[in-house]
Amino acid sequence: HSGPQKLLHIAQELLHTEETYVRRLHLLDQVFCTRLTDAGIPPEVITGIFSNISSIHRFHGQFLLPELKTRITEEWDTNPRLGDILQKLAPFLKMYGEYVKNFDRAVGLVSTWTQRSPLFKDIIHSIQKQEVCGNLTLQHHMLEPVQRVPRYELLLKDYLKRLPQDAPDRKDAERSLELISTAANHSNAAIRKVEKMHKLLEVYEQLGGEEDIVNPANELIKEGQIQKLSAKNGTAQDRHLFLFNSMILYCVPKLRLMGQKFSVREKMDISGLQVQDIVKPNTAHTFIITGRKRSLELQTRTEEEKKEWIQIIQATIEKHKQNSETFKAFSGAFSQDEDPSLSPDVLITSTSPLEPVVTTEGSSGAAGLEPRKLSSKTRRDKEKQSCKSCGETFNSITKRRHHCKLCGAVICGKCSEFKAENSRQSRVCRECFLTQPVAPESPSSEAPAEPKQSTEKTPAADSQPSLLCGPLRLSDGGETWSEVWAAIPTSDPQVLHLQGGSQDSRLPTPSLSPAAN
């Protein structure tokens, strides 16, 4: 082909792919989004999934595509240019930035609502069965806008290669490529994240949903067949290992052609994991991984394979340690910068502001679900990955988050053992417990549990150091009783402070000598 013909061919390819792209945008905006909205799925969930897809659809369908079609099919003989039209795309690249930035969250919402809302799942699956979907999933179509900007970049690069240096369109085309390339870098980063998520979904299906691994924080590092040596007789048994950035899944193969291929036998956290090379006279290529609960003696087919497993497990352990130290340092600095007036009054265990929560049959809400929003304070607490006191990393099973009821610090269960008997509402950290000492049965952290008919002040409201403090029942004449908070300050005058009930009062009390204590 001659130079002009090659340029026309590139322009026609751009037009063809743009027409296909607009049909995909219509599918997302006018089919998926509209059907879910009509079914009563909460608006914040729709926005969380589809972001600004309607604006992107309108721009391409009503402006860019018509201009390209007119230029390439009607005006190309007299005005063979693309750069001036594509340069108009530049002001709208911000829309793509918003869509790409929201993409991880959008994919997570689709996964969550598909698993927990039968109505949502049925609508998505019914649309995906239609011919217009081409047997592709919603997530696949959601990826189209992310991939589109890099495709503009490739077509423009090819166009500039064929374009003469003195062509009138040269300056506009180069400027367009410069602007689009910047946006393409962000899209390529999002595409890599999506590829990781797709791999997690594949493993999730292979495990039959036994482990909830589909999370943007998870990353599959390595997987492969391996053999486990029996501790009883030393026989080799076929096993499969999945190494993630935060755990190892030790699995047993299932002899099935379809469906679940592995069953999880053991889940071992990377935190505290050890790997050791061993040499046995009668058994080659063996090594041991030791977790908090169990040790496994494993065997590979070759020495090279064994070294590879050991090296990559050790590297994962080391990287996890570094990340934990970073989170620990960040958490300490973040806690110092926090506004002390913010109290942890809302404690929600949801991992997403829009995670669906199952409601009772008589309750309202789309598909028996209701979105649950987190306060900004709670979102910041969810970002804290380690205990303020001991620095150990949190997890959802053995190391869960708790809050000190006095200072609001995020701590683990071990560091919040200072609590009232049979009460989970009075956890405090060691520092607050030591500065507000009480009798063993009633720790100083007692809030005190917000009585239903009382408005007494909590110990957090009275920052004065005390020798003794705690809840008491107060009677006026022995007929009616009210609960109050009692405290004896360390400073003179040492009087008994009664806070709450019908009135606040002070009753004199004798000084406490060391012998009395």
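Definitions and limits used
Residues numbered from 1 in each chain as written. Predicted model: local features only at pLDDT ≥ 70, side-chain atom pairs only at ≥ 80, totals over all residues. Heavy atoms only, no water. Helix = DSSP H or I, 4+ residues; strand = E, 2+ residues; numbered from the N terminus. Polar contact = N/O pair within 3.5 Å; in protein donor to acceptor, adjacent residues only side chain to side chain. Contact = heavy atoms within 4.5 Å. Phe/Tyr/Trp six-rings, centres within 6.5 Å; stacked < 30°, edge-to-face > 60°. Buried < 20%, exposed > 50% of the residue type's maximum accessible area, 1.4 Å probe, protein only. Lys NZ or Arg CZ within 6 Å of the ring centre and 35° of its normal. Axes fitted to C-alpha atoms, helices over the stretch in contact; angles between N-to-C directions. Parallel < 35°, antiparallel > 145°, perpendicular 65-115°, else oblique. Core = buried A, V, L, I, M, F, W, Y, C linked by side-chain atoms within 4.5 Å.

## Description of the side chain of His 57
Now for step 1: For His 57, the location among the structural elements is in helix H3 (residues 53-75).
Now for step 2: Of the polar contacts made by the side chain of His 57, one reaches the side chain of Asp 29; its length is 3.0 Å.
Now for step 3: In contact with His 57, not counting residues within four places along its chain, are Val 22, Leu 25, His 26, Asp 29, Gln 30 and Gln 62.

## With respect to the packing of aromatic side chains
Now for step 1: For the coordinates displayed, the defined rule picks out three aromatic pairs.
Now for step 2: With centroids separated by 6.2 Å and ring planes inclined at 50°, the aromatic side chains of Trp 113 and Phe 120 adopt a geometry described as tilted.
Now for step 3: Accessibility expressed as a relative area gives 0% for Trp 113, which makes it buried.
Now for step 4: For Phe 120, a relative accessible area of 0% corresponds to the buried category.
Now for step 5: Arg 148 extends its terminal NZ or CZ atom over the ring of Tyr 152, reaching a point 4.3 Å from the ring centre.

## Description of the packing of helix H2 (residues 43-50) against helix H5 (residues 93-116)
Now for step 1: Where H2 contacts H5, the axes come no closer than 6 Å and their chain directions differ by 125°. In terms of axis orientation, H2 runs oblique to H5. On H5, the residues touching Val 45, Thr 47, Gly 48, Ile 49 and Phe 50 of H2 are Tyr 99, Asn 102, Arg 105, Ala 106, Leu 109, Val 110 and Trp 113.

## A short note on the nonpolar core
Now for step 1: Judged by nonpolar contacts, the single largest core of 78 residues is most densely connected at Phe 32, Phe 50, Met 142, Leu 207, Phe 242, Phe 244 and Leu 249.
Now for step 2: The greatest single-element share of this core, amounting to 14 residues, is contributed by helix H1 (residues 3-38).
Now for step 3: Apart from residues no more than four positions distant in its own chain, Leu 249 is found in contact with Leu 207, Glu 211, Ile 213, His 240, Leu 241, Phe 242, Phe 244, Val 264, Glu 266 and Lys 267.
Now for step 4: Core analysis: the next-biggest nonpolar cluster, separate from the first, contains 17 residues, Leu 241, Met 268, Val 275 and Trp 309 among them.

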